[in-house]
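Structural characterization, general
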Amino acid sequence: MKPFSYLRAETVDDAIRALVSNPLAKLLAGGTNLIDLMKYEIAQPAVLIDINRLPLKTVEELPGGGLRIGALVSNSAVAYDERVTTNFPLLSSAILSGASPQLRNAATMGGNILQRTRCYYFYDPATPCNKRQPGSGCAAIGGVNRMHAILGTSEHCIAVHPSDMGVALAALDATVEVEGPDGRRDIPFTDFHRLPEDHPEQDNTLGYGELITAIRLEPNRFANHHTYIKLRDRLSYAFALVSVAAALEVVEGRILDLRVALGGVAHRPWRDRLVEAEFSGEIANETTFRGIAKRLLTCAKGQGDNDFKIPLANEAIVRALGQALSGRPQVPSCKSMQ
Ligand code: SF4
């Protein structure tokens, strides 16, 4: 690990000032990804700004039934918060599908969505990687790419975003609140992460000197018809090969509102609002669910090793929508498909 200096911010303004004054500074919250990146010397911050004392650790109820979750609330605290388990169980389920209890206790809401890809080449400085070193190439294209993306790839990067929680936040239309040198702004969650395009080194749309202060959830009617399915090589403590967050609102057998977000398949949690709108009003049954899956995967393209993800995602979408319709969501601790 390279030497770095350490400072502790007491206020959000302190943290922003410190970030702006040093382009090589990084924020330290739970540190569950950043410390690994520093050990591998993938991240080499000159300054670590510890933000753990900032007043961003509360979950506030919003008028109408929404929630505003501070960026430093731990993943565990959110997953077991009664307001979340009652009104946003999809989020709780997705969080509990990820990592381990110890990591979830340390990881924060802001840090979870800022975690970086687990592409093996990104962590191996002996190989080319445009995300780690722009312009060096992409070892995963034509290399070992079993874990990699099937949607939204570019000729420069085929990495996937690793967060489970982010897949649920995409389905729930969450909003990311950020603060920076130019003040506060909201970023719709589905615009927060980027596709790789020509700049895979940029994971998200945060501006220079900006930090996440909260994640906001609007009220919804999905509490009884949702599920989060995660398919992976090991049954615990593994990243998703494919995951699906599905939520339905059904009236008299027809789809009134539909959300499907996919994980493990793209550089960001994948959602297609046009497809969702196309199937609004259709009868909620397996034929419709197969149509939704087919449309969501129309542009999917394998890279060789990961071709299996296309049929896997297809069946996972159909299964997830079936679980959401029946009101029997996948239980994160249950290792078999229900
Ligand atoms: Fe790097 Fe992206 Fe290629 Fe992985 S897929 S080697 S992160 S450029």
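This brings us to the domain arrangement of the protein chain. Along its sequence, the protein chain is carved into domain 1 (5-50) and domain 2 (226-326). The centre of domain 1, based on its C-alpha atoms, is set 36 Å off from the matching centre of domain 2.

What follows deals with the site of the ligand. Around the ligand, the structure places 14 residues, and the nearest of them are Cys119, Cys129, Cys138, Cys157 and Ile158. Assessed atom by atom at 2 Å from the grid points, the ligand resides in the largest cavity. Split by residue class, the shell around the ligand holds 10 nonpolar, 3 polar and 1 charged.

Quick look at empty space enclosed by the protein now. The full count for this structure, using the stated rule, is 3 cavities of 30 Å³ or more. Its boundaries defined by the atoms lining it, the largest cavity holds a volume of some 90 Å³. Considering the residues around the largest cavity, the lining is formed by 16 residues, among which Cys119, Cys129, Cys138, Cys157 and Ala159 are closest to the centre. Grouping the constituent residues of the lining of the largest cavity by class yields 11 nonpolar, 4 polar and 1 charged.

Taken in spatial order, the 3 strands line up as S1-S3-S2 in an open sheet, and their pairing is parallel. Of all strands in the sheet, those with a lone pairing partner are strand S1 (5-8) and strand S2 (25-28), marking the two edges. Within this sheet the neighbouring strands show an average axis-to-axis angle of 25°, counted without direction.

The periodicity of an α-helix, 3.6 residues per turn, causes residues three or four places apart in sequence to face the same way. For helix H1 (residues 12-21), the full list of buried residues reads Val12, Ala15, Ile16, Ala18 and Leu19. Viewed end-on, H1 has its buried residues packed into an arc of 165°, placing them on one side of the element. Across H1 from its buried face, at more than 90 degrees, point the exposed residues Arg17 and Ser21. Buried-residue contacts for H1 involve S1, S2, strand S3 (47-50), strand S6 (175-180) and strand S8 (211-217).

Glancing now at the pairing of strand S5 (residues 67-70). Where strand S4 (residues 59-61) meets S5, 3 bridges bridge the pair, whose relative direction is antiparallel. Residue pairing across strands places Val59 opposite Ile69, the latter belonging to S5. Between S4 and S5, which pair antiparallel in sequence order, lie 5 residues; one of them, Gly64, sits at a positive phi of approximately 95°. The sheet contact formed by S5 and S8 spans 4 bridges and is antiparallel. When the sheet's bridge partners are listed, Gly70 is paired in S8 with Ala214.

This model, assessed by the stated rule, comprises 25 salt bridges. Its salt-bridge partner being Glu278, residue Arg295 comes within 2.7 Å of it at the nearest N-O pair. You can see Arg295 sitting in helix H11 (residues 286-296) and its partner Glu278 sitting in helix H10 (residues 273-278), a full 17 residues away along the chain. Exposure remark for Arg295: the relative accessible area of 33% places this residue in the partly exposed category.

The next subject is the packing of aromatic side chains. Taken as a whole, this structure holds 4 aromatic pairs when the rule is applied. Pairing Phe122 with Tyr123 gives two aromatic rings, centres 5.3 Å apart and planes at 85°, and the pair type is edge-to-face. You'll find Phe122 and Tyr123 in the same group, each marked buried. Taken together, the ring pairs in this structure connect Tyr40, Phe122 and Tyr123 into an aromatic cluster.

A word on the environment of Ser74. Topologically, Ser74 is positioned in the loop between S5 and helix H3 (75-79). Exposure remark for Ser74: the relative accessible area of 17% places this residue in the buried category. What Ser74 contacts, discounting residues up to four positions off in sequence, is Arg104, Asn105, Ala107 and Thr108.

Across 6 bridges, the pairing between S6 and strand S7 (residues 183-188) is antiparallel. Across the sheet, residue Glu177 finds its bridge partner in S7, namely Asp186. Hairpin connection of S6 to S7: 2 residues between the antiparallel strands.

Turning next to the sheet that holds S8. The 5 strands are arranged S4-S5-S8-S6-S7 in an open sheet whose pairing can be described as antiparallel. A strand with exactly one partner marks an edge of an open sheet, and here the two such strands are S4 and S7. Between one strand and the next, the sheet's axes are offset by a mean angle of 25°, whatever the strand orientation. Where S6 meets S8, 5 bridges bridge the pair, whose relative direction is antiparallel. Paired with Glu179 across the two strands is Leu211, which belongs to S8.

About the thresholds
Residues numbered from 1 in each chain as written. Predicted model: local features only at pLDDT ≥ 70, side-chain atom pairs only at ≥ 80, totals over all residues. Heavy atoms only, no water. Domains from an automatic or database assignment. Near = heavy atom within 4 Å. 1 Å grid on protein atoms, 1.4 Å probe; cavity = no way out; pocket = protein on both sides within 12 Å on 5 of 7 lines; lining within 4 Å. Sits in = over half its atoms within 2 Å of the grid points. Nonpolar A, V, L, I, M, F, W, Y, C, P; charged D, E, K, R; others polar. Points joined across faces, edges and corners; volume = space filled by probe spheres on them. Pairing = 2+ DSSP bridges. Helix = DSSP H or I, 4+ residues; strand = E, 2+ residues; numbered from the N terminus. Axes fitted to C-alpha atoms, helices over the stretch in contact; angles between N-to-C directions. Buried < 20%, exposed > 50% of the residue type's maximum accessible area, 1.4 Å probe, protein only. Arc of directions from axis to C-beta. Contact = heavy atoms within 4.5 Å. Salt bridge = Lys/Arg side-chain N within 4 Å of Asp/Glu carboxyl O. Phe/Tyr/Trp six-rings, centres within 6.5 Å; stacked < 30°, edge-to-face > 60°.

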